[in-house]
Amino acid sequence: MIVAEPKPLDAIRQMIAPYSKVLIVGCGTCVTVCGAGGEREVSFLHDKLRLAQAKNPDSIHNYFEYTVKRQCDPEFIDLLDAKTEGVDAIISLACGIGVQAIAEHFPDIPVLPGVNTTFNGMASEYGVWDERCATCGDCCLDETGGICPITRCTKGILNGPCAGPKNGKCEVSKDMDCAWMLIYQRLERLGQMDKMRRYYPARNYQAVPRPRRIVVKSNVAAGEENA
Amino acid sequence: MHTTRIETKHYPKESKLTDHSLMPPCQAACPLHMDIREYVDLVAQGKIMEALQVIRSTNPFPSICAYVCTHACEDACRRCQVDSAVSIKAIKRFALEFGGDRMIQAEAKTTHAEKVAIVGSGPAGLACAYYLRNMGYEVTVFEAHSEIGGMLRVGIPQYRLPREVLDIEEQRLIQMGVEIRTNTRVVSLDLLFEMGYKAVFITIGAHQSLRMGIEGEESAGVIDGATFLREVNLGLKPSLGNKVAVVGGGNVAIDAARTALRLGSSDVTILYRRTRTEMPAAETEISQALEEDIRIEFLSAPVKVQRESNQLKVTCIKMELGESDEKGRRRPVPIEGSEYYATFDSVITAIGQTPQNAAEFGVRTGRGSTIQVDPQTLITNKVGVFAGGDAVTGPATVVEALAAGKRAAKRIDDYAQHRYPLDKDGVAAMDGELSSHTVEKIRKIERLEPPVTSSKKRAKDFKPVEQVYNWQSATNEARRCLRCGMGAEILFQDKCASCLTCLRVCPYDVPYVDESGTIHIPSEQCQACGICIAECPAKAIVMRKPSSYLHINDELEHAIRSFSKSEFKPSIIGFCCQYGLFGTGTLANLWRGAKAGIWIVPVLCVAKIEPGHILRAFELGAEGVFIAGCGEQCARENTNMWIGQRSAKVRKALDEIGLEQERLTIFNTGEQNGELTNKLDEFTETISRLFLASVLMQEVKR
Ligand SMILES: Cc1cc2nc3c(=O)[nH]c(=O)nc-3n(C[C@H](O)[C@H](O)[C@H](O)COP(=O)(O)OP(=O)(O)OC[C@H]3O[C@@H](n4cnc5c(N)ncnc54)[C@H](O)[C@@H]3O)c2cc1C
Ligand code: SF4
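Residues numbered from 1 in each chain as written. Chains lettered and ligands numbered in written order. Predicted model: local features only at pLDDT ≥ 70, side-chain atom pairs only at ≥ 80, totals over all residues. Heavy atoms only, no water.

Moving on, we get to the overall build of chain A. Helix and strand content of chain A: 8 helices and 7 strands. On C-alpha atoms alone, chain A measures out to a radius of gyration of 22 Å, which is more than a quarter above the 17 Å that the 2.2 N^0.38 rule sets for 227 residues. With 227 residues in all, chain A has 40% of them scored as buried. Taking as baseline every contact in chain A between residues at least 6 positions apart, the subset at least 24 positions apart corresponds to 56%. (Helix = DSSP H or I, 4+ residues; strand = E, 2+ residues; numbered from the N terminus. Rg over C-alpha atoms; globule rule 2.2 N^0.38 Å. Buried < 20%, exposed > 50% of the residue type's maximum accessible area, 1.4 Å probe, protein only. Contact = heavy atoms within 4.5 Å.)

As structure tokens, this is what we get:
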């Protein structure tokens, strides 16, 4: 799941400075789950902005809020049509995808990001989110015992560990597990130590041709469109 | 370009929040279906007058129930699973006494031409009279005795129900315009119809004592319990002698024994043929009798009475418990050869009663001479003749009689207005037990019994035994209520992202997720703490009873309106837990009069305060905000931790906005009184200083 965190209030206030009628749009999927951009946070941001305005009446804005199910599907964004009349700017509390999807839908309205999209991760316990996947497009988790060295090793090396780990912790921070120590222990447990001994050639670090696109329509129309 | 369009027409996103609360077990168990949860909650909040209103809305004579009700509600209370039931009856008594029930005036107007006659002035008859009169009928109550009240007057002893309570209710009925004819035994129903009554309600009770059917029962010195109590209650003083035996194990037996004691018999023994577990009398009655040194001989029954030289020689036989009867009570079986005898000055028999001469009215009677009625219409086999109370059920309880009278009033109204009698569908009842792991997590708080007069003192007279709670005990006891059936509900399943937050934050492990990923909050487990509601990132959860949550905004607006009119600056808003606020002296410590600039927003537990509420207080002009929760005295778990976290979030926001973090603070109302006062003074000083500084800054800017 995509994990994001709220932008500092100052940054948001600077972004909206030129606009008077501002719509805050939440997203009911990933950012709701990670607590950065669901309806609760939309309303909290709304409250903060109003309070800031009350204490500093120099700039006057009108705020509105609305949360859609998912900002990365245009069908849901249609629902905003009725809400955007006279709106000068939209703050989206979704990930960068949502921000862009809304921008694409409303070519004449500036769309501003209210959160920083941070990583792809999981909840390890209530309120704690950990990065797990770098979306590199070249998954090697079968070789590394289900632990991703690209994301979880600070250096992202493929033939770890480096000479740094101490007591299983990374040399960069003693609060962080060394990913390669974890991989080692896991492979040992699985009886796959041979994978540890193998040498992995350097990955292709040439820039990935972006943007990437995947077309999957096989479940809709047989084969031929699946190009 | 996509072509699919989402229908917006039927999307109920802004649907109004309505009361989805379920009927709690206490209310379901009460024959009158009193809104117990509501009035207990109001007492916990110190809103005694409102509690009284709720009580009076479903019970015509709550003052009577407050003394003698058998409280089926307490038996059904699910707090029993945690520690012991909430002391509902005593809380009701407190609300009545402190809410000024005796001052309440009643009035009614005649709007119907039809007149109704009620035969018998017990609770069933009086309740029926009360409701019919309220509906606008002219009502006459006929009572054979010189005073009204039925068993309330001639059965239940005064030390359990002071007679002034009855007198006040009688006065109110007269005020409403109910005609009361005492010393008037009705012998013919035809005569009543001739007198122009459209309908008759027979509530003659069950006053005929059952006979033991043993040799010597007629002997002088043997008296039946109902007659004995009636004589005492009507002012006679039967002489019993010193040594008295009472036969039976019900409330009448206990009442007779305790009355005999109060009349001066110092040696009173109850003979009961089963054991204490089977005894139908109320547990508190039994223990109070034992405290008064009344002896109970279990597994013993008289078989013969002989009068010998001014005394009664009673032959008894020992019993043992055999198989269970159809009601599940084990049958007593005599042990052969175990006869023994004892001598007494008097014997009082109290083994049950049946209605007296019901057949005289020409109505069909059934088992135990009880009157038979149609269960839906409450009508007898005679046109226009209805019946209810003990006369129909056999000896039962006051509250059942009241409920019967209330229902009969509706049915008689239907009959008079030619309507088909229908009971309106009530609220859905909540059922199910608390799961053991939820029980474990609920904070244990021992039940507080109301004070009673010491057994030495009380055994000498007929003054009330049970006393009323003081304010603090009542609110504390009321706070033990688990508020069954009004907890959290996922109202907007479509908004729910299955984020699992509610599962992770619930202090009672209530929500669960099924295989499909749908979250459920089982209504019978939820403790209505409200934590998940404030934490839900999708705002998908609401309280089944939204008023307990939404009112924070109303109260806040109210406080703001008051302070915007006030000259005094700076203004401080205090979100204070309303539970115990008024009773426990907390308010006195927080309230400094209108001039102090402190405005209280009462909340139903600080766990329900959201960061947005606090920001809003600042936005609307508060210079400082404090939250006063009950700390360790909170009836719920973890409240402090949550309010601490939310405050931290707000402080960060204040900082971002350029407001000092000290403007928000948390107090604990459970703290020593002086300490709380000091802390509040310190806080007020801080806010005054910050306020002054900000005013100066503005001047400088100008
Ligand atoms: C000693 C005792 C203690 C009790 N304690 C409790 C208790 O603690 N809690 C509880 O809930 N219940 C208690 N009960 C039971 C409760 O009092 C009765 O269930 C209740 O009073 C029944 O009400 P009712 O209106 O049906 O009849 P009753 O209260 O019996 O009233 C019937 C009335 O009809 C009158 N009457 C009869 N025939 C005629 C006629 N022909 N014409 C005119 N009037 C007539 C009678 O004089 C009487 O006043 C107790 C009962 C007794 C006897
Ligand atoms: S209201 Fe409280 S008890 Fe009920 S489900 Fe939510 S967190 Fe649990």
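Moving on from the coordinates now.
Right, let's talk about the sheet that holds strand E1 (residues 2-6) of chain A for a bit. Adjacent strands of a sheet pair through backbone hydrogen bonds, lying either parallel or antiparallel. Residue and element names in this part refer to chain A. Strand order in the open sheet made by the 3 strands is E1-E6-E7, with antiparallel pairing throughout. The two strands at the open ends of the sheet, each matched to only one other strand, are E1 and strand E7 (128-133). Ignoring strand direction, the axes of neighbouring strands in this sheet form an average angle of 70°. In terms of strand pairing, strand E6 (residues 115-125) meets E7 through 5 bridges, oriented antiparallel. Within the sheet, the bridge partner assigned to Asn120 lies in E7 and is Cys133. (Pairing = 2+ DSSP bridges. Axes fitted to C-alpha atoms, helices over the stretch in contact; angles between N-to-C directions.)

To continue, consider the nonpolar core. Residue and element names in this part refer to chain B. Grouped together as the largest cluster of nonpolar side chains are 158 residues, with contacts concentrated most on Ile573 and Phe575. Broken down by element, the residue count for this core peaks at 8 residues, all from helix H15 (residues 398-416). Within the second largest apolar cluster, 26 residues are counted, among which are Leu229, Ala253, Ala257 and Ala459. (Core = buried A, V, L, I, M, F, W, Y, C linked by side-chain atoms within 4.5 Å.)

Before going further, it helps to examine the site of ligand 1. All names here are of chain B. What surrounds ligand 1 is a group of 35 residues, the closest being Val68, Glu143, Arg160, His207 and Asp390. Within the backbone of Ala144, a nitrogen or oxygen atom sits 3.1 Å from a nitrogen atom of ligand 1. Between an oxygen atom of ligand 1 and a main-chain N or O atom of Thr203, the distance comes to 3.4 Å. Taking 990 Å² as the accessible area of ligand 1 by itself, protein coverage stands at 96%. (Near = heavy atom within 4 Å. Polar contact = N/O pair within 3.5 Å; in protein donor to acceptor, adjacent residues only side chain to side chain. Areas by Shrake-Rupley, 256 points an atom, 1.4 Å probe, with all protein chains shown as cover.)

This paragraph deals with the domain arrangement of chain A. Each domain of chain A was delimited in the assignment, giving domain 1 (2-119) and domain 2 (136-197). Inter-centroid distance (C-alpha atoms) of domain 1 of chain A to domain 2 of chain A is 38 Å. (Domains from an automatic or database assignment.)

The next point concerns the sheet that holds strand E2 (residues 138-142) of chain B. All names here are of chain B. In space, the 5 strands of this open sheet follow the order E3-E2-E1-E4-E16, with parallel pairing throughout. The strands lining the two open edges of the sheet, one partner per strand, are strand E3 (179-181) and strand E16 (385-387). Adjacent strand axes in the sheet meet at a mean angle of 20°, parallel and antiparallel pairs treated alike. Running at roughly 165° to E2, helix H7 (residues 123-135) makes contact with strand E1 (115-119), E2 and strand E4 (197-202) of the sheet.

It is worth spelling out the site of ligand 2 at this point. The local shell around ligand 2 consists of Ala488(B), Cys506(B), Pro507(B), Tyr508(B), Pro511(B), Ile521(B), Cys526(B), Gln527(B), Cys529(B), Gly530(B) and Cys532(B). Partitioning the shell around ligand 2 into residue classes produces 9 nonpolar, 2 polar and no charged. (Nonpolar A, V, L, I, M, F, W, Y, C, P; charged D, E, K, R; others polar.)

Residue and element names in this part refer to chain B. A full pass over the atoms with the stated rule returns 52 salt bridges over all chains. The partner of Arg172 in a salt bridge is Glu169, with the nearest N and O atoms 3.2 Å apart. Of this pair, Arg172 and Glu169 both sit in helix H9 (residues 163-176), 3 residues apart, which is roughly one turn of the helix. Considered together, Arg172 and Glu169 belong to a single accessibility category, that of buried residues. A salt bridge links Asp461 to Lys463; its shortest N-O distance comes to 3.8 Å. A network of salt bridges, in which partner residues are shared, links Arg160, Asp255, Arg258, Arg262, Glu285, Glu291, Glu292 and Arg458. (Salt bridge = Lys/Arg side-chain N within 4 Å of Asp/Glu carboxyl O.)

Okay, the pairing of strand E8 (residues 267-271) of chain B next. Residue and element names in this part refer to chain B. Taking burial as the measure, the 5 residues of E8 include 4 buried ones, the bulk of the element. As paired strands, strand E7 (residues 243-247) and E8 are joined by 5 bridges and run parallel to one another. If you follow Val247 over to E8, its bridge partner there is Leu271. Note that E8 and strand E9 (residues 295-297) share 3 bridges and pair parallel.

Here the focus is the packing of aromatic side chains. Within this structure, the stated rule accounts for 12 aromatic pairs over all chains. Each member of the aromatic cluster is reached from another via a ring pair, and the members are Phe61(B), Tyr130(B) and Tyr131(B). Sitting over the ring of Phe64(A), Lys21(A) keeps its end group 4.8 Å from the ring centre. Just above the ring of Phe492(B) sits the side chain of Lys495(B); from NZ or CZ to the centre is 4.3 Å. (Phe/Tyr/Trp six-rings, centres within 6.5 Å; stacked < 30°, edge-to-face > 60°. Lys NZ or Arg CZ within 6 Å of the ring centre and 35° of its normal.)

Bringing the packing of helix H11 (residues 225-233) of chain B against helix H12 (residues 251-262) of chain B into the picture now. When two helices pack together, their arrangement is captured by the angle between the axes and the distance separating the axes. Residues and elements named next belong to chain B. At a closest axis distance of 10 Å, the pairing of H11 and H12 adopts a crossing angle of 45°. Accordingly, the angle class assigned to the pair H11 and H12 is oblique. The crossing of H11 and H12 is left-handed. Contact with H11, carried on its side by Gly225, Phe228, Leu229 and Val232, involves Val252, Asp255, Ala256, Thr259 and Ala260 of H12 and no other residues of that element. (Parallel < 35°, antiparallel > 145°, perpendicular 65-115°, else oblique. Left-handed = near helix turned anticlockwise from the far one by under 90°.)

The next thing to look at is the environment of Leu261(B). All names here are of chain B. Relative to the assigned elements, Leu261 resides in helix H12. By relative accessible area, which is 12% here, Leu261 ends up buried. When the C-alpha atoms of Leu261 and Lys243 are compared, they prove to be 9.7 Å apart, with 18 residues separating the residues in sequence. With near-sequence residues (within four places) excluded, Leu261 lies in contact with Ser266, Val268, Glu292, Ile294 and Ala459.

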